[in-house]
Amino acid sequence: EAAVTQSPRNKVAVTGGKVTLSCNQTNNHNNMYWYRQDTGHGLRLIHYSYGAGSTEKGDIPDGYKASRPSQENFSLILELATPSQTSVYFCASGEPGLGGYEQYFGPGTRLTVL
Amino acid sequence: AQSVTQPDARVTVSEGASLQLRCKYSYSGTPYLFWYVQYPRQGLQLLLKYYSGDPVVQGVNGFEAEFSKSNSSFHLRKASVHWSDSAVYFCVLSPHTNTGKLTFGDGTVLTVKP
């Protein structure tokens, strides 16, 4: 029933390791987004996508890559994880211009990099 | 560049009291505006949205917000709060573009005392 799901929900990684966070949406939205949320702050945009095969840099893309293999799936990749990337990551989908400008969020992934 | 300011990081009210959470925005033009709520360990849920027309918009669970172009504000209100309203509330702005990129305020932590 949940329209945007994320996996894993919790992840502990080691410094220098590779981490992949996955997101799936059943809203059939063209746009998808990855954000991070740090204590006391709002969400900050890392990468986004207009559709399958497209990825765009957001406001804080350094240290992150993204992949959009299909309409439904959008991944965030940390090739060399660092402790500064410890955060909660949210995926969202939206259809700006057609379905309204709001976004629909997943439950989040809590990532700890040791 | 656009921005959103939520001047109150924390607000505490008693159950049954009225509530106002403040939001000021900076944007050249009339933006699309949203209030989202985040309950502990969950993703963000849309409370209400403003696109145009009547400056007072109604949302879920008795929340409403009033848009003021002259004051560049979009304050959230509720006549009588319940303990279950305790959460983090985000004021969010969207420009009129197909990127759908959102700008978040830092959030206001609402605590409702029984």
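Rules behind the numbers
Residues numbered from 1 in each chain as written. Chains lettered and ligands numbered in written order. Predicted model: local features only at pLDDT ≥ 70, side-chain atom pairs only at ≥ 80, totals over all residues. Heavy atoms only, no water. Contact = heavy atoms within 4.5 Å. Buried area = accessible area lost by both parts, 1.4 Å probe. Salt bridge = Lys/Arg side-chain N within 4 Å of Asp/Glu carboxyl O. Polar contact = N/O pair within 3.5 Å; in protein donor to acceptor, adjacent residues only side chain to side chain. Helix = DSSP H or I, 4+ residues; strand = E, 2+ residues; numbered from the N terminus. Buried < 20%, exposed > 50% of the residue type's maximum accessible area, 1.4 Å probe, protein only.

**Focus on the interface of chain B and chain A**
Here comes step 1: Of the residues lining the interface, 24 residues belong to chain B; the matching set on chain A comes to 24 residues.
Here comes step 2: Here chain B and chain A share an interface that buries about 1800 Å² over both sides, 52% of which is from carbon and sulfur atoms.
Here comes step 3: Between the two partners, chain B and chain A, sit two salt bridges.
Here comes step 4: The closest approach of N and O atoms between Lys49(B) and Glu102(A), which form a salt bridge, is 2.8 Å.
Here comes step 5: On the surface where chain B and chain A come into contact, there are five residue pairs in polar contact (both at pLDDT 80 or more).
Here comes step 6: At the level of elements, strand E5 (32–38), strand E6 (44–50) and strand E10 (87–94) of chain B are the ones that each hand at least two residues to the side of chain B that touches chain A.

**Things to note about the pattern of salt bridges**
Here comes step 1: Summed over the entire model, instances satisfying the criterion amount to nine salt bridges over all chains.
Here comes step 2: Arg44(A) is the salt-bridge partner of Asp38(A), the closest N and O atoms lying 2.6 Å from each other.
Here comes step 3: For Asp38(A), a relative accessible area of 17% gives the class buried.
Here comes step 4: The shortest N-O distance in the salt bridge between Glu66(B) and Arg77(B) comes to 2.8 Å. Linking Glu66(B) in strand E8 (residues 64–68) with Arg77(B) in strand E9 (residues 73–78), this pair joins segments that are eleven residues apart in sequence.
Here comes step 5: With a relative accessible area of 32%, Glu66(B) lands in the partly exposed category.
Here comes step 6: Judged by relative accessible area, Arg77(B) falls into the partly exposed class, the value being 24%.
Here comes step 7: Sharing partners across several salt bridges, the network here consists of Arg36(A), Asp38(A) and Arg44(A).

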